[in-house]
Amino acid sequence: MAIFEQSIHWPVWLMVLPLTGALLTFAIYRYQNLIGLITAMGILWSVIALAQKVLTEGPQRYSIGGWGAPLGIDLYVDGLSTLMLLLTAAVGFFVSFYGVGYAGFRQHNHGSGYFWPLWLFLWTALNGLFLTADIFNAYVTLELIGLASVALVGLSGQASALNAAMRYLLVGLLGSLFYLLGVGLLYAGYHTVDMASLGQAAQAGPLPRTALTLMGVGLLLKTALFPLHFWLPPAHANAPTPVSSALSALVVKAPFYLLLRLWFTVFPDSTTGAAANLLGLLGAIAILWGSIQALQTQRLKLLVAYSTVAQLGYLFLVFPLTQDSMAASTAWSGALYYTLAHGLAKGGMFLAAGTIFYALQQDRIQNLNGISRHLPVTAFAFGLAGVSLMGLPPSAGFLAKWSLLTAAIANGQWGWAIIIVLGGLLAAGYVFRVLSYVFMQAPSKAHYRPVPWLMEWPALLLALMAICLGFITQTPLTLIEIGAPMSYQYLLP
Amino acid sequence: MNWSFWLPVLILLSSLGAGIVIFFLPQRAYRTRTTLNMAAATLKLLLVAALVWGVFHHQSYETRLPLLPEMDLLLRADTLSVLFITLSSILWFFTTLYAIGYLEASPHRSRFFGFFSLCVSATVGIALAGNLITFFIFYEMLTLSTYPLVTHRGTKKSLRAGKIYLGYTLMGGVLLLTGMAWLQTLAGPLSFTEGGLLAEAPPIDPQTLTIIFTLLIAGVGVKAALVPLHGWLPQAMVAPAPVSALLHAVAVVKAGAFGIVRIVDNVFGVEFVAKLGVAAPLAWLASFTIIYGSVRALFQDDLKRRLAYSTISQVSYIALGIALLNPVATIGAMAHLVHQGLMKITLFFCAGNLAQTLGIHRISEMAGVGRRMPWTMTAFTLGALGMIGVPPLAGFISKWYLGYGAVLAEAEWVLGILALSSVLNAAYFLPILYRAWFSPQKNPWPEETSRGRLETHWMLLLPPLITAAMALGAGLLAHAPFSPAEWARLIAVREYPSP
């Protein structure tokens, strides 16, 4: 076993394993739940092994087949990618279990057999994106993520879902197109697509700036930053529940991850303060706009989706907040912690919302009276996830918000500080709006469908993880610093 | 990993663990839930007793869990923590007993006692917090765990009260958070230190400090119900009586008052507060709140509402005593933290007994109630007289120290406030006592439950009798070792090196 451990290339394995799983679940229909779960566990285990390696040995670079850049396909893992892989594995693990329990599939027999292959395929593509070391493969994986997501959204075959999927597809293609234009420009200019080589070659100038702008627009479209968020709420709200959860927690983070890479490690010289402020401003508007929409919507799943629009806005505050070197590392780790916290909490919250939807056969917020009586675990999961989303202590969301807030104040950027604090209050508004129905009022006489326990517990465990990461901070923080463009060490005299 | 590391954690876990288990108990598990509740409360008392003994003998207890760079979750026991934690764990014990008697027939009991235990854990966390961030973490946890208690009945009215409560407290949390984040960027980790942490921090512009002070005080002032941040408190009266007891005496308003003490004494430090000139405005605000609350209390017919306005008034004694920046006044404030808790919880228990046994909610219905429930009304009388400040009850002791401290601080106007407040207290408490004891019963009781051997269930009767006795004892034995007033002196001695 020890030899196996030493010789295995975990990053390669992390793409091979889910891909094999996808093919097997497609081929051997009868045992697809079993195969799928084993795959999910295998991925989780491999990611943990990889994380340990990164923690002890620092960033890793792999050349598949020994070819190396610029010819072969290179993989690169640092703290940022490990963190994203871990988040994907954790959310993916619970989403997989939920998928087995998800009784909605039995209802629409239509596409349920495709859930496992598509979901594992999506997982492959996500892992691929977080591992790749070149911008062209990033394009390929982005495209695969998009296609798998679209297929998953349309899985139920209902008209609303197909509509949302179609819109999602077109937006995704448009985004990829923009991104590809940027890649083309860069390749024409520097004859390489390898991120590290590009980083060395690119000086500030019109070419990298244009390329970064094009790629940035494409990625913003895919990550649904205001005002490019219009496609997200219908897509996330109409997808089958395990899919909604994965989309909101993970898929929108993928383009954001790529943007972070390009902005901070590949083209740091081509970025400008004005652009950073623009991104921050859009993020701020997203926080306000998404929250206001969430406060007004009547449907639970739609509310959770609008909350994603709002919460994504926080991530974009990293661009303006890292401009001052004093607080840069605080802002950086705050934003990454936010990604982690939001992924876990939103994953859990969407699962909980979906369970409520399934039990009631509808999700109008006014009709959620006394749900906690029938679904105590789910109601609790929703509440706990809400605590982290609001950024209340003790939770990962609180620590993330605290880091962003102190960074903003240390920089004297009071505008962002006010937005950060205000966003928390608005989140409290929409979360408690739901909770006051879920917990407090007398239960309605409606008929409740029985819910399998595999639909209740994954949500609670995900939400609990979001809370626990408010206490267990050393490992994520250490990971965030490994290979980070800015680190706490800079703060020391 | 040793005793001094684990004791604070164990104290925290004794109620937290019980609370989590209780959530998962089925509704009908009456015996298990009751046993668990009482066992946890007893265990906590024992652990706290060990802590008190240790702190008195200068033993230090510290638990530290690093969260972020420059940010630790820090539990630590100093004399001030001990004062608050003893109060809350003793009162928790009796409130639990009372709540079991009060609520055992109503729905959602597991949820109620679950959140109830979380609430106490949060209070303990506030008491043991060793820095401002830990304080904040538990302060917000308290908000979250009291919300379901306030809205427990699930009626339109209680949901509305819950919404108002949340609105106020979350807003307070945001102010506190902002002030805290700001101060941390200027002064580094915000550990509570005797004499204030600013003394060792790099120099900060006084104007900035004044703004931060205002933010922090406003943040905790919401829970302490300082006017104009008090609006949630009278609304929250729709909650069941044990919750009101918790809100008014054990946890919520006390957490706010305790926060004021921490911020003035251990964050800014007395010297700094004096230099900034922010103490006088705080004293004025507290004085205004004292008078305002009493005047509003005069005009309430609903008994619990009258008591609520009385709380607004009485809690500000603590803020006032602290703001005088004088060791003797500080003793008064600290002692009042405990005394007010004992007296107010007695009053709320009694009000709950009247509501539960006879269906009485209004003062106008109370004529002749002393004959029907003599024990309850005796406890009530002791509590009310204590509030007025009649010697030798506890309230007299704290007022005495406050007044004497005011004279020493050369703020004689405070004597006027204290006198006026006592008159007003008398004006709204004495008519109740008169009506209960001396007026004959006019109408039949609104909803009398069948009478047992005692005037009401023993679980409802015992707690107010004991807390009333403690209020009496705290006054009579004010100079005995371990009495609240004596402990307050210990705090003041450690806070003011040369009193």
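Rules used throughout
Residues numbered from 1 in each chain as written. Chains lettered and ligands numbered in written order. Predicted model: local features only at pLDDT ≥ 70, side-chain atom pairs only at ≥ 80, totals over all residues. Heavy atoms only, no water. UniProt positions renumbered as here; feature names shortened; annotations may be inferred. Helix = DSSP H or I, 4+ residues; strand = E, 2+ residues; numbered from the N terminus. Rg over C-alpha atoms; globule rule 2.2 N^0.38 Å. Buried < 20%, exposed > 50% of the residue type's maximum accessible area, 1.4 Å probe, protein only. Contact = heavy atoms within 4.5 Å. Lys, Arg positive; Asp, Glu negative; His and termini not counted. Charge placed at Lys NZ, Arg CZ, Asp CG, Glu CD. Areas by Shrake-Rupley, 256 points an atom, 1.4 Å probe, with all protein chains shown as cover. Buried area = accessible area lost by both parts, 1.4 Å probe. Polar contact = N/O pair within 3.5 Å; in protein donor to acceptor, adjacent residues only side chain to side chain. Patch = residues over 30% accessible without salt bridge, like charges linked within 9 Å, V, L, I, M, F, W, Y side chains within 5 Å. Salt bridge = Lys/Arg side-chain N within 4 Å of Asp/Glu carboxyl O. Core = buried A, V, L, I, M, F, W, Y, C linked by side-chain atoms within 4.5 Å. Domains from an automatic or database assignment. Nonpolar A, V, L, I, M, F, W, Y, C, P; charged D, E, K, R; others polar. Pairing = 2+ DSSP bridges. Axes fitted to C-alpha atoms, helices over the stretch in contact; angles between N-to-C directions. Parallel < 35°, antiparallel > 145°, perpendicular 65-115°, else oblique. Left-handed = near helix turned anticlockwise from the far one by under 90°. Expected span 1.5 Å × (residues − 1). Phe/Tyr/Trp six-rings, centres within 6.5 Å; stacked < 30°, edge-to-face > 60°. Lys NZ or Arg CZ within 6 Å of the ring centre and 35° of its normal.

Under an unreviewed UniProt entry, the name given to chain B is NADH dehydrogenase (Quinone), and the source organism is Nitrosococcus oceani. Listed in UniProt under the heading Sequence similarities (unreviewed entry), the comment for chain B reads: "Belongs to the CPA3 antiporters (TC 2.A.63) subunit D family."

An unreviewed UniProt entry annotates chain A as Multisubunit sodium/proton antiporter, MrpD subunit originating from Nitrosococcus oceani.

(A) The arrangement of the overall build of chain B in detail. Counting secondary structure elements, chain B contains 20 helices and two strands. In summary, chain B has a C-alpha radius of gyration of 21 Å against a globular reference of 23 Å for 499 residues, a match within 12%. Overall, chain B is about 70 × 50 × 45 Å in size when its C-alpha atoms are taken along their principal axes. The burial tally for chain B puts 66% of its 499 residues in the buried class. Taking contacts inside chain B between residues at least 6 apart in sequence as the whole, the part at least 24 apart equals 80%. Between the averaged position of the 32 positive side-chain charges in chain B and that of its 21 negative side-chain charges there is a distance of 15 Å.

(B) The arrangement of the overall build of chain A in detail. Within chain A, the secondary structure is distributed over 24 helices and two strands. The C-alpha radius of gyration of chain A comes to 21 Å, within 12% of the 23 Å expected for a compact globule of 493 residues. Counting only C-alpha atoms and orienting by the principal axes, one finds that chain A spans roughly 65 × 55 × 45 Å. Here chain A holds 493 residues, and the buried ones make up 66% of them. Surface accessibility of chain A: about 17,000 Å² in total, with carbon and sulfur atoms responsible for 68%.

(C) Representation of the UniProt feature "domain: NADH-Ubiquinone oxidoreductase (complex I) chain 5 N-terminal" (unreviewed entry) in chain B within the structure. The feature "domain: NADH-Ubiquinone oxidoreductase (complex I) chain 5 N-terminal" (unreviewed entry), as given by UniProt, occupies residues 72-113 of chain B in the numbering adopted here. Summarising residues 72-113 of chain B: 71% helix, 12% strand, and an end-to-end C-alpha distance of 30 Å.

(D) How the structure looks around the UniProt feature "domain: NADH:quinone oxidoreductase/Mrp antiporter transmembrane" (unreviewed entry) in chain B. Per the UniProt record, "domain: NADH:quinone oxidoreductase/Mrp antiporter transmembrane" (unreviewed entry) is annotated on residues 129-424 of chain B. The span residues 129-424 of chain B is 77% helical and 0% strand by assignment, and the distance between its end C-alpha atoms comes to 36 Å.

(E) Summary view of the UniProt feature "domain: NADH:quinone oxidoreductase/Mrp antiporter transmembrane" (unreviewed entry) in chain A. Taken from the UniProt record, the annotation "domain: NADH:quinone oxidoreductase/Mrp antiporter transmembrane" (unreviewed entry) applies to residues 134-425 of chain A. With 80% helix and 0% strand, the stretch residues 134-425 of chain A has end C-alpha atoms that lie 40 Å from each other.

(F) Quick look at the interface of chain A and chain B. Across the boundary between the two partners, chain A contributes 31 residues, which contact 32 residues of chain B. Both faces considered, chain A and chain B share a buried interface measuring about 3,000 Å² in area, 83% of it formed by carbon and sulfur atoms. Inspection of the chain A/chain B interface yields three residue pairs in polar contact (both at pLDDT 80 or more).

(G) Here's a closer look at a nonpolar patch on the surface. A contiguous nonpolar surface patch, about 620 Å² in accessible area, is contributed by W453(A), W457(A), L461(A), L464(A), I20(B) and F24(B). Its location among the elements puts L461(A) in helix α23 (residues 453-468).

(H) View of the nonpolar core. Ranked by internal contacts, the top residues of the largest apolar core, which has 390 residues, are I135(A), Y179(A), F319(A), L51(B), F135(B), F268(B) and M366(B). The element that contributes the greatest number of residues to this core is helix α18 (residues 325-360) of chain A, accounting for 20 residues. When we break this core down by domain, the ones giving at least three residues each are domain 1 (1-271) and domain 2 (294-492) of chain A. For F135(B), the contacting residues outside a window of four places in its chain are I126(B), A129(B), L176(B), F192(B), V220(B), A255(B), F258(B) and G259(B).

(I) Quick look at the domain arrangement of chain A. Residue and element names in this part refer to chain A. Here chain A is described as being made up of domain 1 (1-271) and domain 2 (294-492). Opposite the 49 residues of domain 1 that make contact, domain 2 presents 44 residues. Taken together, both faces of the contact between domain 1 and domain 2 bury some 4,000 Å²; the carbon and sulfur share is 81%. In this structure, the connection of domain 1 to domain 2 is made through zero salt bridges. Summed over the shared surface of domain 1 and domain 2, the result is eight residue pairs in polar contact (both at pLDDT 80 or more). Among the secondary structure elements, those contributing two or more residues to the side of domain 1 that touches domain 2 are α3 (32-57), α4 (79-101), α5 (104-107), α11 (206-223), α12 (232-238), α13 (241-251) and α14 (253-266). Sort the elements by how many residues they give to the side of domain 1 that touches domain 2 and α4 lands first, with 14 residues. Grouping the constituent residues of the side of domain 1 that touches domain 2 by class yields 32 nonpolar, 15 polar and two charged.

(J) Just the side chain of H152(B), in detail. Following the sequence through the fold, H152(B) ends up in the loop between α5 (132-150) and α6 (156-187). Beyond its immediate sequence surroundings of up to four residues, H152(B) is in contact with L103(B), S106(B), P107(B), H108(B), R111(B), F112(B) and P240(B).

(K) Here's a closer look at the pairing of strand β2 (residues 71-76) of chain B. All names here are of chain B. Pairing analysis gives six bridges linking strand β1 (residues 62-68) to β2, with the strands arranged antiparallel. Its bridge partner being in β2, R64 is matched across the sheet by L74. Connecting the antiparallel pair β1 and β2 is a turn made up of two residues, with E70 showing a positive phi of about 65°.

(L) Main features of the pattern of salt bridges. Residue and element names in this part refer to chain A. Counted under the stated rule, the structure contains 11 salt bridges over all chains. A salt bridge links D194 to R61; its shortest N-O distance comes to 2.7 Å. With a gap of 133 residues between them, D194 in the loop between α9 (159-190) and α10 (195-201) and R61 in strand β1 (residues 60-63) connect regions that are remote in the sequence.

(M) Up close: the packing of helix α13 (residues 303-323) of chain B against helix α18 (residues 413-438) of chain B. Residue and element names in this part refer to chain B. The contact between α13 and α18 brings their axes to 12 Å, and the two run at 160°. Viewed along their axes, α13 and α18 adopt a mutual orientation that is roughly antiparallel. Note on packing geometry: the crossing formed by α13 with α18 is left-handed. Across the interface between the two elements, L303, R306, L307, S310, Q314, Y317 and L320 of α13 pack against V414, L418, S421, N425, Y428, F429 and I432 of α18. Of the residues contributing to the contact of α13 with α18, the split by class is nine nonpolar, four polar and one charged.

(N) Up close: helix α8 (residues 135-153) of chain A. All names here are of chain A. Its 19 residues give α8 an end-to-end C-alpha distance of 27 Å, which sits within 8% of 27 Å, the value for a rise of 1.5 Å per residue. The buried count for α8 comes to 14 of 19 residues, which makes it a mostly enclosed element. Of the residues flanking the start of α8, the one acting as N-cap is D134, its side-chain oxygen 2.9 Å from the backbone nitrogen of F136.

(O) Structural context of the packing of aromatic side chains. A full pass over the atoms with the stated rule returns 40 aromatic pairs over all chains. A centroid spacing of 5.8 Å and a plane angle of 25° characterise the contact between Y98(A) and Y102(A), whose relative ring orientation is stacked. Both residues of the pair, Y98(A) and Y102(A), count as buried. Considering the side-chain rings of F5(B) and W6(B), the 5.1 Å spacing of their centres and the 80° angle between planes classify their relative orientation as edge-to-face. Put simply, the rings of F256(A), W263(A), F264(A), F316(A), F319(A) and W332(A) touch in pairs and so form one group of aromatic residues. Sitting over the ring of F357(A), K301(A) keeps its end group 5.9 Å from the ring centre. Lying across the ring of F272(B), K275(B) places its NZ or CZ 4.9 Å from the centre.

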